[in-house]
Amino acid sequence: MTKYTEPKYKTLHEAEANELEILKEKVAASIWKPAFHIHPEHGLLNDPNGLAYFNGTYHVFYQWFPFGSYHGMKHWAHVKSDNLVEWEQQPTALVPIEDYESHGAYSGASIEVDGKLYLYYTGNIKYSAEERSANQCLAIMEKDGQVRKYDHNPIIEGVPAGYTGHVRDPKVFKKGNIYYMMLGAQREDKTGAIIVYESKDALDWSFKGELRLDLDLPESCYMLECPDYFKINGQDVLVVSPQGLEAKHHDYQNLYNVIYALGKLDIENLTFDVTDYQELDKGFDFYAPQTFEGKSHERLMFGWAGMAEVEYPTDKEDWAHCLTLPRKLDIVNGLLVQKPATELKQLRSKSHSGSLTLDKDSTNLHSGFRSFELEASIESHGADSFGLELFSSETEGLVLAFDRSNQTVTLNRENFHSSFDKQNGLVRSAELSIGDSVKLQVFCDRSIAEIFINDGEVVFTTRVFPIEQSTGVKLFTDKELTCSYAIHQMKSTN
Ligand code: FRU
C-alpha cells in the first residue's frame, strides 16, 4: 500500500537548508516568548512526555512539530535540568522515520527499568485523512542520555478488537512483579475508555482488558487521552483528559478538559472505584498533564498550557504554546491541590514588597516586570468584590475577581488588543469558599499566567498576549481590605 502523505507529515530530516535557522530567528523576535517556561524554539509544542527524574537529572520531553504552529508530524523534543527550573536543550529524542510510527511519535510516559529509562510512546499511523491505527513503541535512554529506539518495535502492533484506531498515550507502572500499561482509547461505539496491557519484563505485552472506571461520563465523551495513574500518601489518583464533555456550570468550559479522580485501583481486576472527581485546572489553556516522581519522591506535574483547535496570536510567528511550570501535587481535605514547585524560588531576582489598606478603590502595586512571581495575602474584611488586574495598563488587563456573595472567583481575559478564541468564551470561574483572607501565588511570564489560590485549592492556567507596556499589577476592591505582597522579577532561563 502506498503511504498516505500530506505536506505536514515532514520530519526534521527533511528540513530544507536554513529552514530551521530562519524559523528560529523569526521566533526569537517574538515579544511573547516566555522567559522561564519550557517552550519551543520554533514550531508547535503540545503534551509533556516521558517525564522523569533519572540518574540525578530531570528530563522533560514534549510533543513537537518543528515547522510551524499547526499539528503536523510529531517528534519528541527533549530538555534536561539539574534543578527543575533551568533547562538545557538536548538533541531531538524521537524523529519518526520508521514505518511503525509513520505519522508521528505521539505521547507517552517513562519508567526506569534496570537502570535505564524506558520511554513508551505511540506510533501514529494514518491510512487517509480519516482512517488511522496506532502502534505502541519503546525507546530506551541510557544513563549517558543517548536515546535509542528498541530494535523489536512495535511492542504492541495495532489496536485490540472492539476499539477504533484511537488508542494512544501509554502510561506504564509496576505493581508487584508485573508491569501495567494504561492507554487512552475509543470504543467502536465512539465512546472513550482506558484499556490495560500487562507484561512481566516491560517488553512483551499482552492485552488484559478495559478498566472499569465508574466516572459516569456522558455518552458524548468520545475519547480519553493521556491517562496517568499514581499514588499520593497511599491514595490512588487517576488523571485523564476526556474529549467531548459538555460544559456544566463552571466546569468543562474548554473544548477539551482534564479531570482527576480519587479512589481505589484494583488493577488485577481492572476496576477503579471513584470516590470523587473534579476538573483539575479552571483556566483556559490546560491539557494533557503528566506526573512523575521528583528528587524527594514528591509527585510533580507539568501540563500543556494550550488547547487544540484554538488559534493563538503567535500562530503567525510560527510557534505555539509552552508547558506549565512544574507543580507539586498533594491531597488536602479530600482535594488534589497543586502548588508551584519550591525550586522555582531559585529564579527570583529583584523583589519589591509592601503592605497597604485600600478602600473602595484601585491601586497599582507594581509595574515594569514582564516575568515575575507575585505572592499576596488579602484580608478582605467586609469587601464583597475585589481582586487583581495582571498584565495591566491603561488599555488592557487580565482580571481576577473574587465575589464573596457568590463564593466564586472569575478570570476574564477579554480585555486585550490581541484577544483571541472568543468563540469558546473569555471568562472562566470556579467556586471558592471566600472567608476573611485569600492567599495568592501568581506567575506571569510574558504571555502566560498561572494563578494558585489558597495554596493550590483553585488553579487557573491562561495564556494572554499583552502589548509590551502592559506590566502593571493592580489591586481593586469595593470596600476596605488590606493586602501584603511581594513581587519577584524572575530570571530568564533561555
Ligand atoms: C493530546 C494528544 C494525545 C496524542 C498527542 C499527539 O493532546 O492528542 O492524545 O498522543 O496529543 O500530539
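The model shown is predicted, which means the values in this text are computed figures rather than measured ones. (Residues numbered from 1 in each chain as written. Predicted model: local features only at pLDDT ≥ 70, side-chain atom pairs only at ≥ 80, totals over all residues.)

Examining the overall build of the protein chain
On a plain count of helices and strands, the protein chain comes out with 1 helix and 36 strands. In summary, the protein chain has a C-alpha radius of gyration of 22 Å against a globular reference of 23 Å for 494 residues, a match within 12%. Expressed along its principal axes, the backbone C-alpha trace of the protein chain runs to roughly 70 × 55 × 45 Å. Going through the 494 residues of the protein chain one by one, you find that 46% of them count as buried. (Helix = DSSP H or I, 4+ residues; strand = E, 2+ residues; numbered from the N terminus. Rg over C-alpha atoms; globule rule 2.2 N^0.38 Å. Buried ≥ 20, exposed ≤ 12 C-beta atoms within 10 Å, placed from the backbone.)

Here's the deal with the sheet that holds strand 29 (residues 398–403)
If you walk across this open sheet you meet the 6 strands as 26-35-28-29-30-31, and the pairing is antiparallel. Of all strands in the sheet, those bounded by a partner on one side alone are strand 26 (361–366) and strand 31 (427–431). On average, each strand axis in the sheet is inclined to that of its neighbour by 15 degrees, with strand direction left out of account. Strand direction decides the pairing type here: strand 29 and strand 30 (residues 408–412), joined by 5 bridges, are antiparallel. If you follow F402 over to strand 30, its bridge partner there is V409. (Pairing = 2+ DSSP bridges. Axes fitted to C-alpha atoms, helices over the stretch in contact; angles between N-to-C directions.)

A word on the confidence of the model for the protein chain
With 100% of its residues at a pLDDT of 70 or more, the protein chain has an overall mean of 97. Scored as a whole, the predicted complex attains pTM 0.98, and scored at its interfaces, ipTM 0.99. (pLDDT = per-residue confidence, 0-100.)

Regarding the site of the ligand
Taken together, 13 residues sit near the ligand, with Q63, Y106, S107, E225 and A288 positioned nearest. Mapped by element, the contributors of at least two residues to the shell around the ligand are strand 1 (43–54), strand 10 (163–175), strand 15 (223–232) and strand 19 (287–293). In terms of residue class, the shell around the ligand is made up of 4 nonpolar, 4 polar and 5 charged. (Near = placed C-beta within 6 Å. Nonpolar A, V, L, I, M, F, W, Y, C, P; charged D, E, K, R; others polar.)

With respect to the domain arrangement of the protein chain
With domains assigned, the protein chain is organised as domain 1 (12–340) and domain 2 (345–490). Using only C-alpha atoms to locate each centre, domain 1 and domain 2 end up separated by 30 Å. Facing the 33 residues of domain 1 at the interface are 34 residues of domain 2. Those elements that provide at least two residues to the side of domain 1 that touches domain 2 are strand 20 (299–305) and strand 24 (335–340). Among the elements that make up the side of domain 1 that touches domain 2, the one with the highest residue count is strand 24 (5 residues). Of the residues that constitute the side of domain 1 that touches domain 2, the class distribution is 18 nonpolar, 9 polar and 6 charged. (Domains from an automatic or database assignment. Contact = placed C-beta atoms within 7 Å.)

Examining the nonpolar core
Residues L119, Y121, M181, I194 and L390 are the most contacted members of the largest nonpolar core, which totals 133 residues. Counting the residues that make up this core, at least three belong to each of domain 1 (12–340) and domain 2 (345–490). Those residues within four positions of Y121 in sequence are excluded, and the remaining contacts are N49, W76, L94, A105, Y106, S107, G108, C137, A139 and P170. (Core = buried A, V, L, I, M, F, W, Y, C linked by C-beta atoms within 7 Å.)

Focus on the environment of Y121
Tracing the chain through its elements places Y121 in strand 7 (residues 116–126). We classify Y121 as buried; it has 32 C-beta atoms within 10 Å. On a C-alpha basis, the gap between Y121 and N49 in space is 8.5 Å, while along the polypeptide they are 72 residues apart.

Points about the pairing of strand 3 (residues 75–81)
The sheet contact formed by strand 2 (residues 57–65) and strand 3 spans 7 bridges and is antiparallel. Looking at strand 3, one finds that F61 is bridged to H78. Note that strand 3 and strand 4 (residues 88–89) share 2 bridges and pair antiparallel. Opposite K80, over in strand 4, you have E88 as the bridge partner. Turn length for the strand 3-strand 4 hairpin, with the two strands adjacent in sequence and antiparallel, is 6 residues, and the turn residue L84 shows positive phi of about 75 degrees.

A few points about the sheet that holds strand 2
With respect to topology, 5 strands assemble into an open sheet ordered 4-3-2-1-21, the strand pairing being mixed. Two strands close off the open sheet at either side, each with one partner strand: strand 4 and strand 21 (319–320). In terms of strand pairing, strand 1 meets strand 2 through 7 bridges, oriented antiparallel. Looking at strand 2, one finds that N49 is bridged to F61.

Quick notes on the pairing of strand 7
Of all 11 residues making up strand 7, 9 are buried, and the element is well covered by its neighbours. Here strand 5 (residues 105–106) pairs with strand 7 via 2 bridges, running antiparallel. Bridge pairing links Y106 to T122 in strand 7. Judged from the 4 bridges that link them, strand 6 (residues 110–113) and strand 7 form a sheet pairing that is antiparallel. Opposite V113, over in strand 7, you have K116 as the bridge partner. The turn joining strand 6 and strand 7, which pair antiparallel and follow one another in sequence, is formed by 2 residues; a positive phi near 45 degrees is taken by D114. For strand 7 and strand 8 (residues 132–141), the ladder comprises 10 bridges, and the chain directions are antiparallel. Opposite G123, over in strand 8, you have N135 as the bridge partner.

Focus: the environment of H78
You can see H78 is positioned in strand 3. On the basis of neighbour counts, which here come to 24 C-beta atoms within 10 Å, the residue H78 falls in the buried class. Distance from H78 to E88, taken between C-alpha atoms, is 8.6 Å for residues 10 residues apart in sequence. The contact partners of H78, leaving out residues within four places of it in the chain, are H59, F61, Q90, P91, T92 and A93.

Concerning unusual backbone geometry
Looking along the chain, the bond that leaves N153 and enters P154 is cis, with omega of 0 degrees. With respect to the helices and strands, P154 occurs in the loop between strand 9 (147–149) and strand 10. With a phi close to 50 degrees, Q407 is a non-glycine residue in the positive phi region. By the secondary structure assignment, Q407 is in the loop between strand 29 and strand 30. You can call Q407 partly exposed: it has 13 C-beta atoms within 10 Å.

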